[in-house]
Amino acid sequence: MRYNKKKLFIEGVSVQNIASKFGTPTYCYSYSKLKENIINFKKNFKSFSPLICFSVKSNTNVNLIREIKKFGLGADVVSKGELMMALKAGINPSKIVFSGVGKTSEEINFAIEKRILLINAESESEIQVIEKIARRKNKIVQIGIRLNPNTDAKTLKQISTGKSENKFGVNSKEFFKLVNFCKNSKNIDLQCLSVHIGSQILDHKPYEKMLKAVSNIISKTKHKFKFVDLGGGMGIAYNDKIKQLNYKRYNLAINNFLKKFNTKIIFEPGRSIIGNTGSLISKIIYIKDSGAKKFIILDAAMNDLMRPALYGAVHKILPVRKSGNISKNIYEFVGPICESTDKFVTLKKYQKLREKDFLAICDVGAYGMSLSSNYNLRPKAVELLINGRRIKKIKNRQKHTDLI
Ligand code: LLP
């Protein structure tokens, strides 16, 4: 996004025009940014050409997954729904990995039928279910076991997954036990060790620790893992002060790891691929003066973008037309939903705003639309893909009649 003569543009299209034509709230994605992110991600790890499985939970729009697939990416899914969506987008099952602590028999059955690359199991009970279904079908199923490396990802507590108190994966003791179980099974082919320690990680050191833990385990098991799936988690800069993840250091650590083990690396990035491609365009419905601050009441709400209410996440908000006149008031940007947590951010020294002005909430491509809901019976926003001067509608705005 950039300003041209004080007007905000996404690629070659003015945001004001998008808002007038498609209404608000509206999710917009930039194709160029998506392409750039994928190319950069590949470049960062080109020395060992990993299998990159886009984490579908971060954005489930079939048209976006289709575009991502064209760059050769696979998919990381966590439910039958996501698996169906990845297949619908044309992703080859041999590039799909299935994670999650609570896969049902139906989901496992479906994944086996579709011959996906790996079911990354997260408990003994799950492996037993996989084995039972595989035996019944007289099939050999490729699986991974997710290790909980007890590593602090140094990110928000709510999105940390690699500590022993988190529900994800199994500890090292359990891991050894499960490797032995798999070795004794005729229907299970243990091919992968997987880990994922959390999301929005900006420090490379937790990744180094994670690799150390993985390295120790593999040395001790003496099992030949065809794949090591390092998950995703690479953070993005939601504001200008955030220091980007040092990909060079992470890449170096993986290269050192690969000197010891001959294995194929899998990644499951979501946010780093799609996060900064998306913005949510919204209109100011009312401005209410409460004395201490002014409430800027938007037509986008926590049902459209849940991250601020759920994690206290802060997203930049840009005016669609820059005026240069700074307000003396404190502005609190809120939505119309009947919850006090339905608020995006409180800002001082913002430009003077008026009712009916448009605003763009930035970096909402990941966990924006995919976490949205119909709370307060609000229809979901339309989604658009911008490529140069072209606008493609990639999902219709829900209508009230879809809901009622
Ligand atoms: N692999 C696994 C097993 C995961 O659980 C996740 C994310 C990913 C990959 C992708 O992580 P990423 O590269 O996007 O960081 N709703 C939260 C984020 C939750 C992440 C859940 N797992 C948010 O809005 O920040």
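Conventions adopted
- Residues numbered from 1 in each chain as written.
- Predicted model: local features only at pLDDT ≥ 70, side-chain atom pairs only at ≥ 80, totals over all residues.
- Heavy atoms only, no water.
- Axes fitted to C-alpha atoms, helices over the stretch in contact; angles between N-to-C directions.
- Helix = DSSP H or I, 4+ residues; strand = E, 2+ residues; numbered from the N terminus.
- Parallel < 35°, antiparallel > 145°, perpendicular 65-115°, else oblique.
- Left-handed = near helix turned anticlockwise from the far one by under 90°.
- Contact = heavy atoms within 4.5 Å.
- Nonpolar A, V, L, I, M, F, W, Y, C, P; charged D, E, K, R; others polar.
- Near = heavy atom within 4 Å.
- Polar contact = N/O pair within 3.5 Å; in protein donor to acceptor, adjacent residues only side chain to side chain.
- Areas by Shrake-Rupley, 256 points an atom, 1.4 Å probe, with all protein chains shown as cover.
- Pairing = 2+ DSSP bridges.
- Core = buried A, V, L, I, M, F, W, Y, C linked by side-chain atoms within 4.5 Å.
- Buried < 20%, exposed > 50% of the residue type's maximum accessible area, 1.4 Å probe, protein only.
- Arc of directions from axis to C-beta.

Here we take up the packing of helix α7 (residues 172-183) against helix α8 (residues 204-221). Interaxial distance between α7 and α8 falls to 11 Å at its minimum, and their mutual angle equals 40 degrees. Comparing their axes, α8 and α7 come out oblique. Read as a crossing pair, α7 and α8 show a hand that is right-handed. Each of S172, F175, F176, V179 and K183 in α7 lies in contact with α8, whose residues at this interface are I217, K220 and T221. Here the residues of the contact of α7 with α8 are counted per class, giving four nonpolar, two polar and two charged.

Let us look at the site of the ligand. Lining the immediate surroundings of the ligand are 18 residues, of which S199, E268, R307, Y311 and Y367 lie closest. Measuring from an oxygen atom of the ligand, one finds a side-chain N or O atom of S199 at 2.4 Å. Relative to its unbound accessible area of 590 Å², the ligand is 92% covered by the protein chains. Residues belonging to the shell around the ligand are distributed by class as follows: five nonpolar, seven polar and six charged.

So, about the sheet that holds strand β3 (residues 13-14). As summarised here, the arrangement of the three strands in space is β1-β2-β3, forming an open sheet in which the pairing is antiparallel. Whereas interior strands pair on both sides, the edge strands pair on one side only; in this sheet they are β1 (2-4) and β3. By the bridge criterion, two bridges tie strand β2 (residues 7-10) to β3 in an arrangement that is antiparallel. Bridge pairing in β3 places F9 opposite S14.

Right, let's talk about the nonpolar core for a bit. I145, L230, Y250, F267 and F333 are the most contacted members of the largest nonpolar core, which totals 95 residues. Among the elements that make up this core, the one with the highest residue count is α8 (six residues). Once you skip the residues sitting within four places of it in the chain, F267 turns out to touch F41, F45, F48, P50, L51, I52, C53, L230, G231, M234, Y250 and I254.

What follows is about the pairing of strand β16 (residues 330-334). In terms of burial, β16 is a largely internal element, four of the five residues being buried. For strand β14 (residues 294-298) and β16, the ladder comprises four bridges, and the chain directions are parallel. Within β16, the position partnered with F295 by the bridge is E332. Across five bridges, β16 lies against strand β17 (residues 343-348) in antiparallel orientation. Along β17, the bridge assignment pairs F333 with V345.

So, about the packing of helix α5 (residues 105-113) against helix α6 (residues 124-137). α6 packs onto α5 with a crossing angle of 50 degrees between their chain directions and a minimal axis gap of 10 Å. Judged by the angle between their axes, α5 and α6 are oblique. Note on packing geometry: the crossing formed by α5 with α6 is right-handed. Here α5 contributes S105, I108, N109, I112 and E113 to the contact with α6, which in turn contributes E126, V129, I130, I133, A134, R136 and K137.

This part takes up the environment of G90. Position of G90 among the secondary structure elements: in the loop between α4 (80-88) and β7 (96-98). Relative accessible area serves as the criterion here: at 36%, G90 is assigned to the partly exposed category. Sequence spacing of G90 and V56 is 34 residues, and the spatial spacing of their C-alpha atoms is 13 Å.

This paragraph deals with the sheet that holds strand β6 (residues 74-77). Read once around its circumference, the closed barrel built from eight strands follows the order β5-β6-β7-β8-β9-β10-β11-β12, with strand pairing classed as parallel. Sheet twist, expressed as the mean angle between neighbouring strand axes with direction ignored, is 30 degrees. The strands touched by α6 within the sheet are β8 (118-121), β9 (141-146) and β10 (188-194), with β8 carrying the most contacts at an inclination of about 145 degrees.

Attention now moves to helix α1 (residues 15-22). Residues of α1 that are buried include every one of V15, Q16, I18, A19 and F22, and no others. Down the axis of α1, the buried set is contained in an arc of 160 degrees. They therefore lie on one face. Turned more than 90 degrees away from the buried face of α1 sit N17, S20 and K21, all of them exposed. At the C-terminal side of α1, G23 shows a positive phi close to 75 degrees.

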